[in-house]
Amino acid sequence: MALEITDANFEDTVLKSDKPVMVDFWAAWCGPCRMVGPIIDDISKDYEGKAVVGKLDVDANQEFAAKYGVRNIPTVLVFQNGEVVGRQVGVAPKNTYAEALDALL
């Protein structure tokens, strides 16, 4: 399972990570988010130890969703050294997400 990322742990988990980080911004009521969720869970298993992969519920955690301009969900952001280096809005195939991480490893 992907990590649960919240406003409270975002800075330590995402911005201070020494590994690439993938964050899925989602909400329980969002149909497309439910399609992306299992893909993100698979990616988290595939990249265990190599990258940090997590999900942030935008309804419960609005601070960083607003800070990074997440207006549509699902939005998946990729961070390296605390900076956004990739953005995927909407549903994409698993290899799209994998390639974004592979480029940083």
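Since the structure is predicted, the reported quantities are computational estimates derived from the model, not experimental observations. (Residues numbered from 1 in each chain as written. Predicted model: local features only at pLDDT ≥ 70, side-chain atom pairs only at ≥ 80, totals over all residues. Heavy atoms only, no water.)

1. Re the UniProt feature "site: Deprotonates C-terminal active site Cys" (unreviewed entry) in the chain
Now for step 1: Here, UniProt's "site: Deprotonates C-terminal active site Cys" (unreviewed entry) annotation points to Asp24.
Now for step 2: Take Asp24: it is sitting in strand β2 (residues 21-26).
Now for step 3: Discounting residues that sit within four places of it in the chain, Asp24 has contacts with Val36, Gly37, Ile40, Gly54, Lys55, Leu56, Pro74, Thr75 and Val76. (UniProt positions renumbered as here; feature names shortened; annotations may be inferred. Helix = DSSP H or I, 4+ residues; strand = E, 2+ residues; numbered from the N terminus. Contact = heavy atoms within 4.5 Å.)

2. Digging into the sheet that holds strand β5 (residues 83-89)
Now for step 1: Reading across from one edge, β1-β3-β2-β4-β5 is the order of the 5 strands in this open sheet, with mixed pairing throughout. Of all strands in the sheet, those bounded by a partner on one side alone are β1 (3-4) and β5.
Now for step 2: Bridging between β2 and strand β4 (residues 75-80) involves 5 bridges; their strand directions are antiparallel. In the strand pairing of β4, Val23 is matched with Leu77.
Now for step 3: Sitting on the sheet, helix α2 (residues 31-46) is in contact with β2, β3 (52-57) and β4, with an inclination near 155° to β3. (Pairing = 2+ DSSP bridges. Axes fitted to C-alpha atoms, helices over the stretch in contact; angles between N-to-C directions.)

3. Here's the deal with the pattern of salt bridges
Now for step 1: Enumeration according to the criterion identifies 5 salt bridges in this entry.
Now for step 2: A salt bridge links Lys55 to Asp41, with the nearest nitrogen and oxygen atoms 3.3 Å apart. In this pair, Lys55 sits in strand β3 while Asp41 sits in helix α2, placing the two residues 14 residues apart along the sequence. For the pair shown, Lys55 and Asp41 are each scored as buried. (Salt bridge = Lys/Arg side-chain N within 4 Å of Asp/Glu carboxyl O. Buried < 20%, exposed > 50% of the residue type's maximum accessible area, 1.4 Å probe, protein only.)

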